[in-house]
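Each chain is listed here by its residues.
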Amino acid sequence: MRVLLVGAGGVGTALTRIAARRPFFEAMVVADYDLARAEAAVAALGGDARFRPERVDANDEAAVAALLEQHACDVLLNATDPRFVMPLFGAARTAGATYVDMAMSLSRPHPDRPYEECGVKLGDAQFEAAADWEKAGALALVGMGVEPGLSDVFARHAADELFDEIEEIGVRDGANLTVDGYDFAPSFSIWTTIEECLNPPVVHEAGRGWFTTEPFSEPEVFDFPEGIGPVECVNVEHEEVLLMPRWIDARRVTFKYGLGEEFIGTLKTLHLLGLDSTEPVTVPSASGPVAVSPRDVVAACLPDPATLGERMHGKTCAGTWVRGVKDGKPREVYLYHVVDNQWSMAEYGSQAVVWQTAVNPVVALELLATGAWSGAGVLGPEAFPARPFLDLLTAYGSPWGMREQ
């Protein structure tokens, strides 16, 4: 397997450190718009000859396709933010490469009823091309991070081995992470966080299909394991709700994120001031008027999440809560994966949230390389058997857990 990794930010860099310990691939080209970032990611690997840096603009589909062909890469792994999903997805198809991402093509709210009906859903643009990928015998594995990704694998495992009927699947994400010296320092890309938290959340119900609610709706307190404890979680837009119902029978599917009142308040203020917008505005500068996106300005004013590890303390938990029936009796479980920042920093030099995201596509690549996973079309993690993934994740030294509720 020869891999083109596009994106050498926090997740991309963590991904190279995890992959460097595994023998399943022949080469990994680490490409970024900022060549220095790609070079730094490769240099940190201590001379592993399988890795080499390159510069590429993720928005330039032709350039990405050419880079795939130049290095004879058979897999494109997208570690950029969702703005670049479609050009990278297209480049992989053009070059005949397998495509893997951790976030799907962007949504657009319904123009008239944004908090009741879906407009363009997450992943719609990719699923529109599914027949073309399937006809070509090519695979696009979409949403293969931690959430979406591991959370979807948990749902598949629950459907295959733990339940006869599923009433509800609810992804629940919470943490007790703190960052020394910052009052507001998101542990993941603020660009992506704004996108998923301020868009209308999507819910799926059998018989009704997909519909939307208002941001931060249906608050509930969820008790997270391994000392994290109770965290208030609210509805946000997320890919799992768009993926799981395509392959798994469940009467209801939701995604709720433990954000906290202060974080929600900050996001609401950004929205009130228009600072969540991606539409450029003209501002004065020393060299004359320039057009900038308010959201990009917000991102530039905040610390890079990849650099926060030394200041960060606590644990992050990603998991899937499932309620249903097994052998005629009610059952309720929470399948989860916890990463302690102290461990991920000591073991990999990567903070917990980016490391937890990065490990899952590496596991998936290894399963594809060995043939344990295979398929054609645009497929989510739910389309593959869960047990090989969960066993290999444990073999990577990062076991998962299950709690009977």
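Relevant structure appears above.
Analysis parameters
- Residues numbered from 1 in each chain as written.
- Predicted model: local features only at pLDDT ≥ 70, side-chain atom pairs only at ≥ 80, totals over all residues.
- Heavy atoms only, no water.
- Helix = DSSP H or I, 4+ residues; strand = E, 2+ residues; numbered from the N terminus.
- Rg over C-alpha atoms; globule rule 2.2 N^0.38 Å.
- Buried < 20%, exposed > 50% of the residue type's maximum accessible area, 1.4 Å probe, protein only.
- Contact = heavy atoms within 4.5 Å.
- Areas by Shrake-Rupley, 256 points an atom, 1.4 Å probe, with all protein chains shown as cover.
- Lys, Arg positive; Asp, Glu negative; His and termini not counted.
- Charge placed at Lys NZ, Arg CZ, Asp CG, Glu CD.
- Polar contact = N/O pair within 3.5 Å; in protein donor to acceptor, adjacent residues only side chain to side chain.
- Pairing = 2+ DSSP bridges.
- 1 Å grid on protein atoms, 1.4 Å probe; cavity = no way out; pocket = protein on both sides within 12 Å on 5 of 7 lines; lining within 4 Å.
- Points joined across faces, edges and corners; volume = space filled by probe spheres on them.
- Nonpolar A, V, L, I, M, F, W, Y, C, P; charged D, E, K, R; others polar.

Looking at the overall build of the protein chain
On a plain count of helices and strands, the protein chain comes out with 14 helices and 20 strands. Expected size for 405 residues packed as a compact globule is a radius of gyration near 22 Å; at 20 Å, the protein chain falls within 12% of this value. Across the 405 residues of the protein chain, 57% fall into the buried class. Partitioning the intrachain contacts of the protein chain with sequence separation of at least 6 by distance along the chain shows that 70% fall at a separation of at least 24. Roughly 16300 Å² of accessible area belongs to the protein chain as shown, and the carbon and sulfur atoms make up 49% of that amount. One finds the centroid of the 31 positive side-chain charges in the protein chain at a distance of 3 Å from the centroid of its 59 negative side-chain charges.

Details of the side chain of threonine 320
The residue threonine 320 is located in strand β17 (residues 315–326) in this model. Looking at threonine 320, its side chain comes within polar contact range of the main-chain oxygen of serine 151, at 2.9 Å.

Focus on the pairing of β17
The sheet contact formed by strand β7 (residues 165–175) and β17 spans ten bridges and is antiparallel. When the bridges of β17 are listed, glutamate 165 appears paired with valine 325. With twelve bridges joining them, β17 and strand β18 (residues 329–340) adopt antiparallel strand pairing. Paired with lysine 315 across the two strands is aspartate 340, which belongs to β18. Hairpin geometry of β17 and β18 is characterised by an intervening segment of two residues between the two adjacent antiparallel strands and by a positive phi of about 55° at aspartate 327.

Concerning unusual backbone geometry
In this structure, proline 148 follows glutamate 147 across a cis peptide bond, with omega equal to 0°. The backbone phi angle of phenylalanine 216 is positive, close to 65°, even though this residue is not glycine. By secondary structure assignment, the location of phenylalanine 216 is in the loop between β10 (209–212) and β11 (220–224). Overall, the relative accessible area of 11% leaves phenylalanine 216 in the buried class. Phi is positive for aspartate 327, which is not a glycine, with a value near 55°. Inspection of the secondary structure puts aspartate 327 in the loop between β17 and β18.

Regarding the layout of surface pockets
Sizing a probe to match a water molecule and rolling it over the atoms shows the empty space that remains. Its boundaries defined by the atoms lining it, the second largest pocket holds a volume of some 370 Å³. Pro109, Glu195, Asn199, Thr278 and Arg295 are the residues nearest the centre of the second largest pocket, which is lined by 18 residues in total. Ranked by residue count, the leading element in the lining of the second largest pocket is helix α8 (residues 190–198), at four residues. When its residues are assigned to classes, the lining of the second largest pocket shows seven nonpolar, five polar and six charged.

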